[in-house]
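Breakdown of the fold
So the chains spell out like this:
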Amino acid sequence: MVSNHMIVFTLPALRAALRPGLARLTSLSLLPATRGLTTTSLSSSSASSSLLARPNPRSLAAAGIIGAAASSISATRARSFATTSVKKAISKGEQIPNTTFMYVPWAPELADGTACGAPTKVQTHEAFKGKKVVIVAVPGAYTPTCHVNHIPPYIKQAEAFKSKGVDQVIVLAQNDPFVMSAWGVQNKAEDKVIFATDLNLEFSKGIGSIADLSAMGFGERTGRYALIVDDLKVVDFSPEPNPGAVEVSGADHVLAKL
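Note that the coordinates shown come from a computational prediction; the quantities given were computed from them, not determined experimentally.

Using the criterion set out here, one finds three salt bridges in the structure. With its nearest N and O atoms 3.9 Å apart, the salt bridge here joins Lys 192 to Glu 190. Judged by relative accessible area, Lys 192 falls into the partly exposed class, the value being 33%. Assessed through its relative accessible area of 41%, Glu 190 is described here as partly exposed.

See below:
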């Protein structure tokens, strides 16, 4: 699944390339929200009440953005708020949907975070045919539950997954591939774990697990789940009943099922 062809852009070069286009967009009033935006306007009472308003901790906990323990919201309310199944959940023995993932292949040039690679697309049926893979999905990159509790154990135990016959572990989220790549770099995942984007949420919708965070302004996201796949067939599907917690989709739980 990992491509050997790598294109690397340095950040100064990327900024220089984008600057003329952004300037033209602004001059054409295609970015009205940014025109005339100053420190003074941000400090006004109307701006501070909308643009700078703090998110509701209850909503954040319900979505799994912060741990449920950080809020008084109950697990029942968390489940009803954040988890939405768009179809019947996929079952053991069923074939996974054939959708597109996008990711940035690992290269040593990415290690210090000053360059970003070129994303590549892969089709799930082509990439996973004849292979055993573990897909672990989270509502958002860098969010506390995902960043602190959920993903690091998968990276630390990458060799343990290999010893169980797993060809690839994939961390999946709705975030764009540049964000996912940066998240992988910060976690020192290198080529041990792939950080990929679920384009248009097609995969997560196809297996029946998304998180609807529209009430918070975050839109629909991947649900929190773990999926073991062998030659395109589901071996085990473990969606979290409470998206603010990591239990059935955690690395130890998944290893025990392999």
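Here the narrative resumes.
It is worth spelling out the UniProt feature "active site" (unreviewed entry) in the chain at this point. Sites flagged by UniProt as "active site" (unreviewed entry) map to Cys 146. With respect to the helices and strands, Cys 146 occurs in helix H7 (residues 144-150). With near-sequence residues (within four places) excluded, Cys 146 lies in contact with Val 138, Pro 139, Gly 140, Ile 151, Pro 152, Trp 183 and Arg 224.

This part is about the layout of surface pockets. Approximately 160 Å³ is the volume attributed to the largest pocket. Along the wall of the largest pocket there are eleven residues; nearest its centre are Gly 113, Ala 115, Cys 116, Phe 178 and Ala 182. Counting residues per element, the ones that place at least two in the lining of the largest pocket are strand E4 (115-117) and helix H10 (177-186). If one sorts the elements of the lining of the largest pocket by residue count, H10 sits on top with four residues.

Before going further, it helps to examine the pairing of strand E7 (residues 168-173). Burial runs high along E7: six of the six residues are buried. Alternating positions in E7 separate into two faces, Gln 168, Ile 170 and Leu 172 on one and Val 169, Val 171 and Ala 173 on the other, with burial throughout. Bridge count between strand E6 (residues 132-137) and E7: five bridges; the pairing is parallel. Of the residues in E7, the one forming a bridge with Val 133 is Gln 168. Judged from the four bridges that link them, E7 and strand E8 (residues 194-198) form a sheet pairing that is parallel. Looking at E8, one finds that Leu 172 is bridged to Ala 196. Regarding topology, H10 serves as the crossover connection from E7 to the parallel E8, and that connection is right-handed.

With that settled, the discussion passes to the confidence of the model for the chain. On average, residues of the chain score 77 in pLDDT, and 66% of them reach the 70 mark or higher. Between residues 2-11, whose pLDDT stays under 50, and residues either more than four places distant or in other chains, the model counts 25 contacts.

This next bit is on empty space enclosed by the protein. Applying the stated criterion to the full structure yields two cavities of 30 Å³ or more. A volume near 170 Å³ is recorded for the largest cavity. Where the lining of the largest cavity is concerned, the elements lending two or more residues are H10 and E8. Of all the elements, H10 adds the most residues to the lining of the largest cavity, at four residues. Of the residues belonging to the lining of the largest cavity, the class tally is twelve nonpolar, two polar and two charged.

This next bit is on unusual backbone geometry. Even without being a glycine, Tyr 142 presents a positive backbone phi close to 70°. Along the chain, the position of Tyr 142 falls in the loop between E6 and H7. Overall, Tyr 142 belongs to the partly exposed group, its relative accessible area being 34%. A positive phi angle is found at Asp 231, which is not glycine, with a value near 50°. Note on placement: Asp 231 falls in the loop between strand E11 (225-230) and strand E12 (233-239). We classify Asp 231 as partly exposed; its relative accessible area is 37%.

Attention shifts here to the nonpolar core. Counting 23 residues, the largest nonpolar core has Val 134, Ile 151, Tyr 154, Phe 161, Val 171, Trp 183 and Phe 195 as its most contacted members. Contributions of two or more residues to this core are made by E6, helix H8 (152-156), E7, H10, E11 and helix H12 (251-257). In this view, Trp 183 contacts Val 138, Gly 140, Ala 141, Tyr 142, Cys 146, His 147, Ile 151, Val 171 and Phe 195; residues no more than four positions away in its chain are not counted. Within the second largest apolar cluster, 22 residues are counted, among which are Ile 96, Ala 196, Ile 207 and Tyr 225.

A few words now on H10. Pro 177, Met 180, Ser 181, Trp 183, Gly 184 and Val 185 are the residues of H10 that are buried. On its buried face, H10 is in contact with strand E3 (100-103), H7, E7 and E8. The opening residue of H10, the one whose side-chain oxygen lies 2.9 Å from the backbone nitrogen of Phe 178, is Asp 176.

Conventions and cut-offs
Residues numbered from 1 in each chain as written. Predicted model: local features only at pLDDT ≥ 70, side-chain atom pairs only at ≥ 80, totals over all residues. Heavy atoms only, no water. Salt bridge = Lys/Arg side-chain N within 4 Å of Asp/Glu carboxyl O. Buried < 20%, exposed > 50% of the residue type's maximum accessible area, 1.4 Å probe, protein only. UniProt positions renumbered as here; feature names shortened; annotations may be inferred. Helix = DSSP H or I, 4+ residues; strand = E, 2+ residues; numbered from the N terminus. Contact = heavy atoms within 4.5 Å. 1 Å grid on protein atoms, 1.4 Å probe; cavity = no way out; pocket = protein on both sides within 12 Å on 5 of 7 lines; lining within 4 Å. Points joined across faces, edges and corners; volume = space filled by probe spheres on them. Pairing = 2+ DSSP bridges. Right-handed = clockwise from strand over helix to strand, strands pointing away. pLDDT = per-residue confidence, 0-100. Nonpolar A, V, L, I, M, F, W, Y, C, P; charged D, E, K, R; others polar. Core = buried A, V, L, I, M, F, W, Y, C linked by side-chain atoms within 4.5 Å. Polar contact = N/O pair within 3.5 Å; in protein donor to acceptor, adjacent residues only side chain to side chain.

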